[in-house]
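This is what each chain is made of:
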Amino acid sequence: MAEVILMPRLSDTMTEGVIAAWHKKVGDPVKKGELLAEVETDKATMELESYKDGTLLHIGTEKGGKLQVNDLLAIIGNKGEDISGLIGGTGSNTAKQPEKKEEKAGTPVTSKQQPATATLDISKMEEVVLMPRLSDTMTEGVIAGWLKKVGDTVKKGDVLAEIETDKATMELESYKNGKLLYQGAKKGEKIAVNDLLCIIGEEGKVNVDAIVAAAKGGVTVAETASPQAEVLSPAAVAEHHEASSSNGRVKASPLAKKLAAEKGIDISKLAGSGDGGRIVKADIDNYKPAAVTTAPTAETKAATQVLTPVVSGQEGFTDVPNSQMRNVIAKRLGESKFSAPHFYLTMEINMDNAMAARPQLNEVSPVKISFNDMVVKACALALRQHPAVNASWLGDKIRRYHHVHIGIAVAIEDGLIVPVVRFADQKTLSQIAAESKELSGKARNKKLQPSEFTGNTFTVSNLGMMDIEEFTAIINPPDSCILAVGRIKEVVVRKGDGFGVSNVMKVTLSCDHRSVDGASGAAFLQTLKKFLESPITMLL
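Notes on the structure follow.

Rules used in this analysis
Residues numbered from 1 in each chain as written. Predicted model: local features only at pLDDT ≥ 70, side-chain atom pairs only at ≥ 80, totals over all residues. Heavy atoms only, no water. Pairing = 2+ DSSP bridges. Helix = DSSP H or I, 4+ residues; strand = E, 2+ residues; numbered from the N terminus. Contact = heavy atoms within 4.5 Å. Axes fitted to C-alpha atoms, helices over the stretch in contact; angles between N-to-C directions. Phe/Tyr/Trp six-rings, centres within 6.5 Å; stacked < 30°, edge-to-face > 60°. Buried < 20%, exposed > 50% of the residue type's maximum accessible area, 1.4 Å probe, protein only. Lys NZ or Arg CZ within 6 Å of the ring centre and 35° of its normal.

## Notes on the sheet that holds strand β24 (residues 420-421)
- In space, the 6 strands of this open sheet follow the order β18-β27-β26-β25-β21-β24, with mixed pairing throughout. The strands lining the two open edges of the sheet, one partner per strand, are β18 (342-350) and β24.
- With 13 bridges joining them, strand β26 (residues 481-495) and strand β27 (residues 498-512) adopt antiparallel strand pairing. Residue Val 493 lies in a different strand from β27, and its bridge partner there is Gly 500.
- Across the sheet, helix α12 (residues 518-533) is in contact with β18, β25 (458-462), β26 and β27; its angle to β18 comes to roughly 20°.

## Describing the packing of aromatic side chains
- In total, this model carries 1 aromatic pair according to the counting rule given.
- Relative to Phe 524, the ring of Phe 458 has its centre 5.4 Å away and its plane inclined at 50°; by these criteria the two rings are tilted. Taken together, the residues Phe 458 in strand β25 and Phe 524 in helix α12 connect sequence positions 66 residues apart.
- The class of Phe 458 is buried, set by a relative accessible area of 0%.
- If you follow Arg 358 out to its NZ or CZ, it ends over the ring of Phe 371, 4.8 Å from the centre.
- Over the aromatic face of Phe 531 sits the side chain of Lys 530, whose NZ or CZ is 4.8 Å from the ring centroid.

## Observations concerning the sheet that holds strand β2 (residues 16-22)
- Pairing is antiparallel across the open sheet formed by 4 strands, whose spatial order is β5-β4-β2-β7. The strands lining the two open edges of the sheet, one partner per strand, are β5 (45-49) and β7 (66-68). The average undirected angle you get between the axes of adjacent strands in this sheet is 40°.
- Relative to strand β4 (residues 35-40), β2 runs antiparallel, the two being bridged by 4 bridges.

Here it is as structure tokens:
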């Protein structure tokens, strides 16, 4: 069955996208994961991948053309499939389904009923808010919390809901005054991309039941459209607001509460700087404890009791629900491990010269250069000499990239994310160090933009700073290889007629045997070893 692809909202301010390039033409076969098009937004140029196998049956506009968010971008289905009913609309709930139902039931379509066909495309109805695709891998979002309930008045700039994606938690803001008339799911429930998220409009002028029926495949009427519609946009920010009440409850964002608990701050004693006196993250960061020690409150005592170690002999467990990020990590790395035949190559590298060179480099570098920055630079230069390793397996072909984009695995609270240093082979050590630091900080604060965590051609995972001597890593799709980096340790070695101490580091290259052979991987490691054991060669 044909599937409609809408223009996704790829940044918090995006209203339209420009087709920078099509990588498939109408009639071409498309496989899941293949690149369909490049979409230029107000932030960056993004790659759009296919989420299913099939044939490209239709494109919404040619190269250079503009499409509004949620406009029809492409249709993928079976070769020769009739898509005439889909081209007229942009949503999955199109007019042709209900029209066939009426014909089967023997009910004639009157001239008065005729306008109803167009209104079945709820994505065109201004009061309808659909679940946006907020990352290149997102297929659904989880309602982390509603900040407004049905019937509440909504003002411009109010946060309506928090949506958890596979990459971060996003806030959905209102850009117009109105009233929240319907919510598509409760807290903790999932909504697929492009499904009905909520309805906002003028009470009494919007047929909510008809819109909901249309979203579920039913028939609606032309009167459901309302000029009082509200345009909404998700904004990726760190602060998570919480609806306040006048019953004495502390008004604070969940993030502020969490930070206060971690720092042992009595949040009830703080004055909030947010809307309506709400306590936000900045209030916790700027908090300075008073000189006088106050007596512990009942809440503090209760928290202390909760932290008391479990008595020996008692059994217990805690079920932690998976975040969207954790689900995606499990899915993608599970597919990688069990579909890509991994093999591993381990090499020991003498880091004596690197350790001697680093202090000298940092004397002249505007930013501090780490050993991981040196590894990233060495990998980038080695990949330039070994393009077979800088590749992706595409089923019927191997794609060898002419550019070198190094992904750096970063551990965050919800799991793992891989920010990307683009064109790393062309950047200096100082540039790589500055960019790595900035991207890692954004990753931990969930501020990365999609263009900053996509497009990797090779990945580096370093656990040396956690005293791990050696490990193997699972390949990070679409890469063919990932380098696992261990700690630098001192070992006793024979030097001349006696013995001395050298600093060595073990690295393990995980390779997809479908696209990279053992000899290719070994040659890459030999070149990597040459660069790290003689760092001056990376500066030439």
